[in-house]
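Here's the letter readout for the chains.
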Amino acid sequence: MGQGGVQVNQVVDQKTRERATTDFAHNIVVEAGAGTGKTTLMVERTVYALVDRGIPIERMALITFMEKAAGEIRARLASRLETVAGEAGDTEAGRRARRALDLLPGSAITTIHGFAMRLLQTAGHHASVPMNFRVMDVYEQDQLFAETFRNWLQTDQGAARRTQDLLTLGLPFERFQSMAKFLSGEPDVPPYRAFKPGLAWMEEVIAASEERLSQAVSLAQRDDQGWLQMQEIRRFCLSLQALPPDGWYRALGAWNLTAPKGNRKKWTDPAALVEQKAWVAALKESVDTFRQALADYLLSEFLDLVQGSFLPYWKAARWRSGQLTFDDLLWEARDFLRQDSGHERLYDMIMVDEFQDTDPVQAEIIVRTLSPAWRGNWTEAPVPAGSLFVVGDPKQSIYRFRGASVETYQRVREKLQQEGALLLDIVQNFRSRPEIIRPVNELFAANWPDHFDPARPYVSPYTPLAPFLPPDGVCRLLVEGGPVDKNAYDERLFQARTIAAWLQTHVRSGQLNIADPETGLTRPAQLGDVALLIPSRTGMAIYQDALAQAGMAVAPEGGIRFFERDEVRGFQQLLSALRQPQQALHTAAWLSSPWVGISHAELAAHKQRGGTFAYLEDSGQGAETVLRALAQLRQWRGQWWSWRAEDFFWALYDWSALPAVLEQRQDRGAQANLEKMADLSRDLGDAWGSDGFCQWLEKKVRQRDKEEEGALPHIEDAVHIFTVHRAKGLEWPVVIVANWQSAPAHAHPGLRIESGRVAMAAGDLQSRDWEALDGEERLRAAAERERLYYVALTRARDYLLVLDTYPPDKPSAWSLHQRMGRYGVAQGTA
């Protein structure tokens, strides 16, 4: 695009921004692409509303979906109001600005959960929540859930009996518990009813199987697959007869009967084989029908049991303790707004940032807050003109794992448009150079529709970005890769080494010039200007190790193996040894942990010299180093019922040489994990006591639960490695995008709930709507992965390097490498 085109875009975009700032006669939906200055627009509109329109700050709410974003907006708003107040002096505008500044600390600039809490606190006794409630963190919630689930099964005999029935019929207990936890986080579950399938048909099969096998024995050769299949069927029938009636359900539910087999050339009467195959095919159809009917029944019984018994029990436990979950905040706020209590409208105007990250419950809260008298379906509630201003970008909706729904965004946008709202597109990108924006536009315009498609509401329409900066002819998008025939590990290793070589050649040599983020002046890029963005943590260590081996400092996003780290496990083993002195295994594990550092050979020598790990008894026999550690353990055991968990952590920290070793090695990751463990032992240990904290930590370590590792300190001049989710809202002069060659594993909790339907999968059992809902889920996941790619490619300011590798036999419409000729950018090959 030439200089003239850039100027035209700037004029059009500026007029759109002015209307978005000053129009208060309409509700407004602003679709703002990546790097277009959404936060600045929100701040300017808020200042205009406060100063020029005179709307009291206490009658306004500004909702974001991250605490950090709310803090940033509050800080920038304070700065702008201070400027306005200083410039306006003792005028009406100045007085309004100063008043807003005074009330800014208590204003409703908050996350959606913070907004819901304000609603509940304002409602007082009208809201059905405990007085003076508090919100649990995720650790407390997990602990209380596990405790409540266990108590429910132990105290409710009817629930325990029905649960046992479900287990007997083939629902694994682990799946039962995980589905119950999943269901506890669902606001609306559609009704589902199914009946227990009968078994009479199988009795007929058992009777017929004997005759079928006799026929196969007399007519088929012994190596024929049809004869062998009938043998297997008959054996199954005989084993079934040996089971009690309820055992039939579990056995049939696990029976994967194969398709009919047999070779007519091996039968003396080929017609008999044809008849047998027809019988087996009909049997297979009956078995498959039964298995689905059994899954339907299990799902029906599960929902009835959990919704009717456990969830009320779980809610009562939370209310009794005065502790709510974050989901409770939203659900209770929504339910309060649904009440016919005659409450007044609390806000004249609500502004919502990142609206594409909204879920249906959050959208309903926002709409009902502005239309408090409406009692019907929230999607039909008329939103007063000029009261709602939302900013979003469906192309950047990447938080489905948190419940965000791009379809909710599309639905609300269509609703507001039908009511006369303005739809404004902000497309001027201030972040990236035109040489980056142009190929990104072409790639996504070729793969995404240019308008909303109701048949595929999960696919984002694409509106091209318009560069603010003029082109300079420098090659700024570089693509390395091409078709490669490697496994996932080798492909990632190839990418990682390619990245290391590119950084060595272009960055460490000083050849790559960028605009300094602070001064705007041109200077050589440094490693600290570079971010490597990957879709998930899978394979992150490969890239990290390759860069480190090339002598480059790396600042990776923290991993999710906190409970697998040796320094964490070692502290858990100490607490377990103190809690259960008779369990020598805990003691030996602590002795060999990094906290003590005694080798296995030395532990063996200790045993050979007559030593034991029963530290409560001072035998005086064994290795000296072991005896000293056991003596310290004995001393700490004497404080088990008086010390806090944090006291044990700091006692160990002061006694052990590990902290000094980590400092000497500059192992910032392990040091960060120790800081996190200190915080957890303080916060959770004080809440649960040392004994309860120890049991919780044992479970986490045993199950290897995924948990964020400690936050790493800032490291100067190091390559940043981030997942794209963590990179959202950030930007760097140089961005490298890699590790997109394989799709993530498709995991599920056993339940799918979507569009008024619910389905279950447990082992080989699938209820009637599972295949359809799972297929839709895969489509949504694929669409979000495309949006994730868009977010990754739009984080770069000056240079973008894309590692684009793919199997030789699977060309991709998303391959930048295959589109190189149309871009004229640098290209490498595998």
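Below, the structure is looked at part by part. (Residues numbered from 1 in each chain as written. Predicted model: local features only at pLDDT ≥ 70, side-chain atom pairs only at ≥ 80, totals over all residues. Heavy atoms only, no water.)

**Quick notes on the overall build of the protein chain**
Then step 1. A tally of helices and strands in the protein chain yields 28 helices and 22 strands.
Then step 2. Expressed as a percentage of contacts within the protein chain between residues at least 6 apart in sequence, the contacts between residues at least 24 apart total 77%.
Then step 3. Accessible surface computed for the protein chain: about 37,100 Å², of which carbon and sulfur atoms make up 50%.
Then step 4. With 94 positive and 107 negative side-chain charges, the protein chain shows a separation of 2 Å between the mean positions of the two kinds. (Helix = DSSP H or I, 4+ residues; strand = E, 2+ residues; numbered from the N terminus. Contact = heavy atoms within 4.5 Å. Areas by Shrake-Rupley, 256 points an atom, 1.4 Å probe, with all protein chains shown as cover. Lys, Arg positive; Asp, Glu negative; His and termini not counted. Charge placed at Lys NZ, Arg CZ, Asp CG, Glu CD.)

**Overview of helix α6 (residues 138-155)**
Then step 1. Compared with an ideal rise of 1.5 Å per residue, which puts 18 residues at 26 Å, α6 spans 25 Å between its outermost C-alpha atoms and is within 8% of the ideal.
Then step 2. The set of residues buried in α6 consists of Y139, E140, D142, L144, F145, A146, T148, F149, W152 and L153.
Then step 3. Sitting at the head of α6, D137 places a side-chain oxygen 3.0 Å from the backbone nitrogen of Y139. (Expected span 1.5 Å × (residues − 1). Buried < 20%, exposed > 50% of the residue type's maximum accessible area, 1.4 Å probe, protein only. Polar contact = N/O pair within 3.5 Å; in protein donor to acceptor, adjacent residues only side chain to side chain.)

**Considering the environment of D335**
Then step 1. Here D335 lies in helix α13 (residues 326-338).
Then step 2. Residue D335 is classed as partly exposed on the basis of its relative accessible area, which comes to 30%.
Then step 3. Spatially, the C-alpha atoms of D335 and Q14 are 41 Å apart, while their sequence positions differ by 321 residues.

**Comments concerning the pairing of strand β18 (residues 751-754)**
Then step 1. Both β18 and strand β19 (residues 757-762) contribute to a ladder of four bridges, which runs antiparallel. Bridge pairing in β19 places E754 opposite R757.
Then step 2. Joining the antiparallel neighbours β18 and β19 is a turn of two residues, in which S755 adopts a positive phi near 55 degrees. (Pairing = 2+ DSSP bridges.)

**Regarding the nonpolar core**
When a protein is soluble and globular, its nonpolar side chains tend to lie buried together.
Then step 1. Formed by 60 residues in total, the largest nonpolar core has its most connected members in F176, M202, I233, W255, F302 and M760.
Then step 2. A total of 18 residues in this core trace back to one element, the largest contributor, which is helix α12 (residues 270-321).
Then step 3. Residue contacts for F176: discarding those within four places in its chain leaves F149, W152, T163, L166, L171, F302, L305 and V306. (Core = buried A, V, L, I, M, F, W, Y, C linked by side-chain atoms within 4.5 Å.)

**Considering the side chain of K728**
Then step 1. As for its position among the elements, K728 is in the loop between α26 (724-727) and β17 (732-737).
Then step 2. There is a polar contact of 3.3 Å between the side chain of K728 and the side chain of E354.

**With respect to the sheet that holds β19**
Backbone-to-backbone hydrogen bonds pair the strands of a sheet. The strands run either parallel or antiparallel.
Then step 1. Spatially, the three strands line up as an open sheet ordered β18-β19-β20, and their pairing is antiparallel. Among the strands making up the open sheet, the edge pair consists of β18 and β20 (765-766).
Then step 2. Each of β18 and β19 is contacted by helix α8 (residues 173-183), which is oriented at about 25 degrees to β18, the strand it contacts most. (Axes fitted to C-alpha atoms, helices over the stretch in contact; angles between N-to-C directions.)

**Some words on the sheet that holds strand β1 (residues 28-32)**
Then step 1. With parallel pairing, the six strands of this open sheet are ordered in space as β3-β2-β6-β7-β1-β8. A strand with exactly one partner marks an edge of an open sheet, and here the two such strands are β3 (108-111) and β8 (422-426). When strand polarity is set aside, the average angle formed by the axes of neighbouring strands in this sheet is 15 degrees.
Then step 2. Of the pairings in the sheet, the one linking β1 to strand β7 (residues 388-392) comprises four bridges and is parallel in character. Across the sheet, the residue bridging to E31 is G392, located in β7.
Then step 3. Helix α2 (residues 38-52) contacts β1, β2 (60-64), β6 (349-352), β7 and β8 of the sheet and is inclined by roughly 170 degrees relative to β6.
Then step 4. Running at roughly 125 degrees to β3, helix α5 (residues 112-123) makes contact with β2, β3 and β6 of the sheet.

**Quick look at the pairing of β2**
Strand residues, when the strand is regular, have side chains that alternate between the two faces of the sheet.
Then step 1. The buried fraction of β2 amounts to five of the five residues, a majority that puts the element mostly inside the structure.
Then step 2. Here β2 shows a buried face lined by M60, L62 and T64 and a second buried face lined by A61 and I63.
Then step 3. As paired strands, β2 and β6 are joined by four bridges and run parallel to one another. Following the sheet pairing, L62 is matched in β6 by M351.
Then step 4. Here β2 runs beside β3; their pairing, made up of four bridges, is parallel. Looking at β3, one finds that I63 is bridged to T110.

**Focus on the pattern of salt bridges**
Then step 1. Using the criterion set out here, one finds 62 salt bridges in the structure.
Then step 2. Close ionic contact of D472 with R433 constitutes a salt bridge, the shortest N to O distance being 3.2 Å. With D472 in the loop between β10 (466-467) and β11 (477-483) and R433 in the loop between β9 (428-429) and α16 (434-447), the pair connects residues that are 39 residues apart, well separated along the chain.
Then step 3. R634 is the salt-bridge partner of D618, the closest N and O atoms lying 3.7 Å from each other. Here R634 lies in helix α22 (residues 624-637) and D618 lies in the loop between α21 (600-608) and α22, a separation of 16 residues in the sequence.
Then step 4. Assessed through its relative accessible area of 59%, D618 is described here as exposed.
Then step 5. With a relative accessible area of 24%, R634 lands in the partly exposed category.
Then step 6. Via salt bridges that share partners, E407, E754, R757, E776 and R780 belong to a single interconnected network. (Salt bridge = Lys/Arg side-chain N within 4 Å of Asp/Glu carboxyl O.)

**Remarks on the packing of α2 against helix α4 (residues 92-103)**
Then step 1. Contact pair α2 / α4: the axes reach a minimum separation of 8 Å and the direction vectors enclose 120 degrees. The orientation of α2 relative to α4 falls into the category oblique. Two secondary-structure elements touch here, α2 through L50, V51 and D52 and α4 through A93, R96, A97 and A100.
Then step 2. Residue classes in the contact of α2 with α4 are distributed as five nonpolar, no polar and two charged. (Parallel < 35°, antiparallel > 145°, perpendicular 65-115°, else oblique. Nonpolar A, V, L, I, M, F, W, Y, C, P; charged D, E, K, R; others polar.)

**Concerning the environment of E557**
Then step 1. As for its position among the elements, E557 is in the loop between β15 (554-556) and α19 (566-579).
Then step 2. A sequence separation of 203 residues divides E557 from M760, and the C-alpha atoms of the two residues are 35 Å apart.
Then step 3. In contact with E557, other than residues within four places in its own chain, are R537, M540, I721, F722, T723 and R726.

**Quick word on helix α20 (residues 584-591)**
Then step 1. Those residues of α20 that fall on the buried side of the exposure criterion are H586, T587, A588, W590 and L591.
Then step 2. Each element contacted by the buried residues of α20 is listed here: α19, α21, α22, α23 (645-655) and α25 (668-703).

**So, unusual backbone geometry**
Then step 1. One non-glycine residue, N132, lies in positive phi territory at about 55 degrees.
Then step 2. Along the chain, N132 falls in the loop between α5 and β4 (134-135).
Then step 3. Of note, the phi angle at E354 is positive, near 50 degrees, even though the residue is not glycine.
Then step 4. Among the structural elements, E354 can be located in the loop between β6 and α14 (360-370).

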